[in-house]
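Fold and contact review
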Amino acid sequence: MQGVLITIEGIEGSGKSTQLLRLSEHLRHLELPLVVSKEPGGTNLGRELRRLLLERHPSGEAWCADAELLLFYADRAQHLETVIRPALADGRIVLVDRFEDSTRAYQGASGVGESALDRLSDLVLRGLRPHLTVLLDMDPEVSLQRVEVRNLAMGPEFAETRFDDAELAFHRRVRSRFLAIAQNHPNRVALVPARDPADQVEAAIWARVAPLLRSAGFRVD
Ligand code: TYD
């Protein structure tokens, strides 16, 4: 049996982690062969890259756009080679929290051009595409507020992680890039409104996942 690659995408605060957990629990309950992973950081070396990419360096130096792009693709290359491709060859369902659409949305919104993204994609993915991408869509004004509330609940030392106007504008660009990807790939991308109650979002996701798994020969009933 051929494996199935499902990715889940969305801006910060869109409820991605909650929905990923619910879907993976559902699939585990059905005793299906499952691998759950994420980007960046789906491998041991990738976790080092994740730290380098997402944590502010004490020196204050930040990655230039090209370096950042290459590090995301380095993480992805390692992840594909050592986790995703072997699991698919083994007939498993591979569920990944963020994948290439995140690069196109986030690094694209930071100014990286389409041709650089296309070239790296050809090199690293070699034609592999997710069978299904769940895009949790939400207005960043709402989702970032959710993140701020969560951060504040973690203690006053997290209060500085408030989003300013520039960040809101950036996340608006990220969202519109995600939406453009969904429009250009309607068969692959399931656009799910993420503001609905979590149970409703979960049901909408399952309505897309179940038929895909069934057609790939998995028992989902
Ligand atoms: P993470 O803590 O996983 O955020 P979230 O819980 O919202 O998924 O951090 C991942 C961050 O990395 C997120 O801000 C998006 C960003 N990212 C990119 O900019 N490009 C990429 O290719 C990927 C995979 C993630």
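Residues numbered from 1 in each chain as written. Predicted model: local features only at pLDDT ≥ 70, side-chain atom pairs only at ≥ 80, totals over all residues. Heavy atoms only, no water.

Thoughts on the packing of aromatic side chains
Note the cut-off: Any two rings among Phe, Tyr and Trp, with Trp reduced to its six-membered ring, count as a pair given centres within 6.5 Å; such a pair is stacked if its planes are under 30 degrees apart, edge-to-face if over 60, and tilted if neither. Strands are runs of DSSP state E lasting at least two residues, helices are runs of H or I lasting at least four, and both sets are numbered from the N terminus onward. A simple rule labels every residue: compare its accessible area, found with a 1.4 Å probe on the protein chains alone, to the largest value its type can have, and call it buried under 20%, exposed over 50%, or partly exposed in between.
Counted by the stated rule, this structure contains 2 aromatic pairs. Aromatic pair Tyr-106 and Phe-170: ring centres 6.2 Å apart, planes at 55°, arrangement tilted. In this pair, Tyr-106 sits in helix H4 (residues 100–109) while Phe-170 sits in helix H7 (residues 165–184), placing the two residues 64 residues apart along the sequence. An identical accessibility class is assigned to Tyr-106 and Phe-170; each is buried. Ring plane angle 80° and centroid distance 6.2 Å describe the contact between Tyr-106 and Phe-178, whose orientation is recorded as edge-to-face. Of this pair, Tyr-106 sits in helix H4 while Phe-178 sits in helix H7; the two residues are 72 residues apart in sequence, bridging distant segments of the chain. By the ring-pair criterion, three or more aromatic residues cluster together here, those being Tyr-106, Phe-170 and Phe-178.

Focus on the site of the ligand
Under the convention used in this document: The near set for a molecule or strand comprises every residue that places at least one heavy atom within 4 Å of it. Polar contacts, as counted here, are pairs of nitrogen or oxygen atoms within 3.5 Å of one another; within protein the pair requires one atom able to donate a hydrogen and one able to accept it, and residues that are adjacent in sequence qualify only if both atoms are side-chain atoms. Polar here means any residue outside two lists: the nonpolar Ala, Val, Leu, Ile, Met, Phe, Trp, Tyr, Cys and Pro, and the charged Asp, Glu, Lys and Arg; Gly therefore counts as polar.
The local shell around the ligand holds 13 residues, among which Glu-12, Lys-16, Arg-50, Thr-103 and Gln-107 are the closest. In this structure, an oxygen atom belonging to the ligand sits 3.3 Å away from a side-chain N or O atom of Arg-76. In the model, a nitrogen atom of the ligand is placed 2.7 Å from a nitrogen or oxygen of the Gln-107 side chain. When contributions to the shell around the ligand are tallied by element, the ones reaching two or more residues are helix H2 (44–54), helix H3 (65–89) and H4. Here the shell around the ligand is built from residues that sort into 4 nonpolar, 3 polar and 6 charged.

Here we look at the sheet that holds strand E1 (residues 4–10)
This is how it is decided: Strand pairing follows a simple DSSP-based rule, namely that at least 2 bridges must link the two strands. Axis definition: a line fit to C-alpha positions, over the contact stretch in the case of helices; interaxial angles, taken between N-to-C directions, run 0 to 180 degrees.
Strand order across the open sheet formed by 5 strands is E2-E3-E1-E4-E5, with parallel pairing between neighbours. At either end of the open sheet lies a strand with only one pairing partner, and these are strand E2 (34–38) and strand E5 (189–193). Neighbour-to-neighbour, the strand axes of the sheet open up by a mean angle of 20°, direction not taken into account. Pairing between strand E4 (residues 132–137) and E5: 5 bridges, direction parallel. Bridge pairing in E5 places Leu-135 opposite Leu-191.

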